[in-house]
Amino acid sequence: CSRLEVRYPYLETMAVAARQTLLEEVPLEERAQDLMYSPPHRPSNTNDNADKPTTLQQRLIEAIHQLQKDNDMVGLQITVLSNSKPLANLAAGTLGTANPRPVTPSTLFCVFSVSKAVLTVALLRLLQQGVITSVDDPIALYWPEFGANGKDGITVRHVLTHRAGMANALPDGATVDMLCDFEGMVEFVEGAEAEHGAGEMVKYHYLTYAWIVGGLIERVTGKKYEEYLDEVLGHSVMEEICLGGVPEDFDGNKLAVLSLDRRPITSSVRKEHGLRNDSESKNEVSKDVTENKDVETNAVKEKNSVANRPKDQGRKVLAKYRGREQMLNPSVFNMRKVRAARIPSANGHASAQGLATLFDSLVSGEGPLESRMVDLAREVQQPPTPVTTPISKPSSSSDTKQAMLSDGASFGLGFQSHSVTLADGRIVRSIGHSGYGGSIVIAVPEANLSVAIVINKLSMKSKARTTLLKIVFDEFNISYPSSLEMS
């Protein structure tokens, strides 16, 4: 084809054959026999009524069948809890497009930014206990090294609300291995400079949330953040939520494999996280190369492209952005070394049951956080648009998308918060977090409702998530938030 000067997608062709080979390697008895998972054996004295689906379960099962028919899912789980009672706990589909084994209730999915919600619980617990005195304390008060290079004014609140100015604090030439080194990245953010003043604007700390919040937890507790989480949440919950890296000896056939819905996700992910398309990225890289403290001069210089810069400068900045691009490629998160890494903002693995159980405990007030702390955490700290000041203005529409995260939610303290209307007309706010591609945990305390959905076919306009969540909200007579409609 090169001789004919015709472009041909060799890798796509090879992938089809490779996928088929992998499918055929799985013994027939290990493959999913039905779309919906059911336990292989039940005790003979089991109450028959336990097998009868509720109206909610039946609606969800019917929807899941339609999602499969429309090719909008590969594998998923959904758990719905109310007053600590399971109203639905469903597993469906297969581990991956090349792994026909069934998804079971114990299968763990990479849930991306849903991880932030779990890590946030640990930090809020430290606030509740008074180990961290105030959300407005400077981080440097507890972690002096973090205050280097002018970061002494960054507070706990700034980080929890993504206003710390550290969203792009990545090493030049960052590689996957570097970003998977938790201790190394914690040390890096200690010496890094903020890209804007604390509190001046909202910019989603997609990766850096892990190293700042995780680093702070480790500094004040003297323990690894996952060890502290195990103490706070309990070992039984943490068996279904893995935030400290998947152990090397963990059975790979209990891990869902991510795949990509090629239709909308690539451009959506770029916009969500402040990445540009090919033409826009040149302007962004140019801005990064020429940036200095003189705002007026910077505004002129950022019009230049990398092509007009010295080659070594251009390569350096391109390398920096290339590292971030790598970690926004979902297939990277299927790599065992990335699964094993400690990146508690992006690579947490969990079951829907584990996530729903955790948030049900928060809703009930019987978990690691008191009701007053949950109420504080879901208060809107910052509307989903960047703060504009005379010296700090959003440079493009993608900055607005940054502030809105993946679905238009507002920021609470570490949680996403959506406004919903209950059956009695009250307008209340939810707590939870979404992850890119469709996974989500969301809870409404006033409705005693906690829902978790985990998905392995990723799409930024996830039909699976939207369809299933709307059914749950409808059953509870809760309005479906417009902010979730934006996804």
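Reading guide: rules and limits
Residues numbered from 1 in each chain as written. Predicted model: local features only at pLDDT ≥ 70, side-chain atom pairs only at ≥ 80, totals over all residues. Heavy atoms only, no water. Helix = DSSP H or I, 4+ residues; strand = E, 2+ residues; numbered from the N terminus. Buried < 20%, exposed > 50% of the residue type's maximum accessible area, 1.4 Å probe, protein only. Contact = heavy atoms within 4.5 Å. Arc of directions from axis to C-beta. pLDDT = per-residue confidence, 0-100. Expected span 1.5 Å × (residues − 1). Pairing = 2+ DSSP bridges. Phe/Tyr/Trp six-rings, centres within 6.5 Å; stacked < 30°, edge-to-face > 60°. Axes fitted to C-alpha atoms, helices over the stretch in contact; angles between N-to-C directions. Parallel < 35°, antiparallel > 145°, perpendicular 65-115°, else oblique. Left-handed = near helix turned anticlockwise from the far one by under 90°. Nonpolar A, V, L, I, M, F, W, Y, C, P; charged D, E, K, R; others polar. Core = buried A, V, L, I, M, F, W, Y, C linked by side-chain atoms within 4.5 Å. Salt bridge = Lys/Arg side-chain N within 4 Å of Asp/Glu carboxyl O. Polar contact = N/O pair within 3.5 Å; in protein donor to acceptor, adjacent residues only side chain to side chain.

(A) Representation of the overall build of the protein. Check the secondary structure of the protein and you find 19 helices and 15 strands. Out of the 487 residues belonging to the protein, those deemed buried represent 53%. Sequence separation of 24 or more characterises 72% of the internal contacts of the protein that already satisfy a separation of 6 or more.

(B) Just the environment of A122, in detail. Its location among the elements puts A122 in helix α3 (residues 114-129). When sequence neighbours within four positions are dropped, the list of residues in contact with A122 reads I217, Y228 and L229.

(C) How the structure looks around helix α16 (residues 371-378). Taken residue by residue, α16 has M373, V374, A377 and R378 as its buried positions. Projected onto a plane normal to the axis of α16, the buried residues spread over an arc of 125 degrees and lie on a single side. Check the buried side of α16 and you find it contacts α3, α15 (352-364), β9 (416-417), β11 (427-429) and β12 (431-434).

(D) How the structure looks around the confidence of the model for the protein. The pLDDT averaged across the protein works out to 82; a share of 74% of its residues lies at or above 70. Taken as a whole, residues 264-307 scores under 50 in pLDDT and shows 71 contacts with residues more than four places along the chain or in a different chain.

(E) Seen up close, α3. In this model α3 runs 24 Å from its N-terminal to its C-terminal C-alpha over 16 residues, within 8% of the 22 Å that 1.5 Å per residue would give. Burial of α3 is extensive: 14 of the 16 residues sit out of reach of the surface. Looking one or two residues beyond α3, the residue adopting positive phi is G130, at roughly 85 degrees.

(F) Representation of the sheet that holds strand β5 (residues 241-242) within the structure. Strand order across the open sheet formed by 3 strands is β4-β7-β5, with antiparallel pairing between neighbours. Each edge of the open sheet carries a strand with a single partner, namely β4 (109-110) and β5. Across 2 bridges, β5 lies against strand β7 (residues 349-350) in antiparallel orientation. When the bridges of β7 are listed, C242 appears paired with H349.

(G) Summary view of the packing of aromatic side chains. Inspection of the entire model under this criterion finds 8 aromatic pairs. Look at W143 and F146: their rings are 5.2 Å apart centre to centre, the planes differ by 35 degrees, and that puts the pair in the tilted class. Its relative accessible area of 1% is what places W143 among the buried residues. Using a relative accessible area of 0% as the deciding quantity, one classes F146 as buried. An angle of 65 degrees between the planes, with centres 5.7 Å apart, marks the rings of F359 and F415 as edge-to-face.

(H) Looking closely at the packing of α3 against α16. Where α3 meets α16, the closest approach of the two axes is 11 Å, and the angle between their N-to-C directions is 125 degrees. The angle between α3 and α16 falls in the class oblique. Where α3 crosses over α16, the two elements pack in a sense that is right-handed. Where α3 approaches α16, its residues L124, L127 and Q128 are matched on the opposing element by R372, M373 and A377. When its residues are assigned to classes, the contact of α3 with α16 shows 4 nonpolar, 1 polar and 1 charged.

(I) Highlighting the environment of L108. Along the chain, L108 turns up in the loop between β3 (99-102) and β4. Judged by its relative accessible area of 4%, L108 is buried. Along the primary structure L108 and C242 are separated by 134 residues, whereas in three dimensions their C-alpha atoms are 8.4 Å apart. Ignoring anything within four residues of it in the chain, the contact list for L108 reads E240, F250, K254, L255, A256, H349, A350 and S351.

(J) Expanded view of the packing of α3 against helix α8 (residues 225-233). With their axes 10 Å apart at the nearest point, α3 and α8 run at an angle of 70 degrees to one another. With respect to α8, the axis of α3 lies roughly perpendicular. Judged by residue contacts, V118, L119, V121, A122, R125, L126 and Q129 of α3 engage Y225, Y228, L229, V232 and L233 from α8.

(K) Region of the structure containing the nonpolar core. W211 and L355 are the most contacted members of the largest nonpolar core, which totals 92 residues. Ranked by residue count, the leading element in this core is α3, at 10 residues.

(L) Focus on the pattern of salt bridges. Summed over the entire model, instances satisfying the criterion amount to 17 salt bridges. Put simply, K463 and D70 hold a salt bridge, and the shortest N to O gap is 3.1 Å. Note that K463 is positioned in helix α18 (residues 463-475) and D70 in the loop between α2 (55-69) and β1 (75-82), a separation of 393 residues in sequence. Note that R426 and D424 form a salt bridge whose closest N and O atoms lie 2.8 Å from each other.

(M) Looking closely at the side chain of T120. Tracing the sequence through the fold places T120 in helix α3. Classification of T120 as buried rests on a relative accessible area of 0%. A polar contact is formed between the side chain of T120 and the backbone oxygen of K116, at a distance of 2.7 Å. When residues no more than four places from it in sequence are discounted, the contact partners of T120 are Y209, L413, G414 and F415.

(N) Seen up close, the side chain of E226. For E226, the position within the fold is in helix α8. In terms of polar contacts, E226 uses its side chain to reach the side chain of R342, at 3.0 Å. Apart from the residues lying within four places of it in its own chain, the contact partners of E226 are E218, G244 and R342.

(O) Spatial organisation of the pairing of β1. The buried fraction of β1 is high, at 8 of 8 residues. Covered by surrounding structure in β1 are G75, Q77, T79 and L81 together with L76, I78, V80 and S82, the residues of both alternating faces. Judged from the 8 bridges that link them, β1 and strand β2 (residues 85-96) form a sheet pairing that is antiparallel. When the bridges of β2 are listed, T79 appears paired with N89. Remark: 2 residues form the turn of the hairpin made by β1 and β2, two consecutive strands paired antiparallel; N83 in that turn has positive phi of roughly 55 degrees. Across 7 bridges, β1 lies against strand β14 (residues 449-455) in antiparallel orientation. Looking across to β14, one finds that I78 is bridged to I453.

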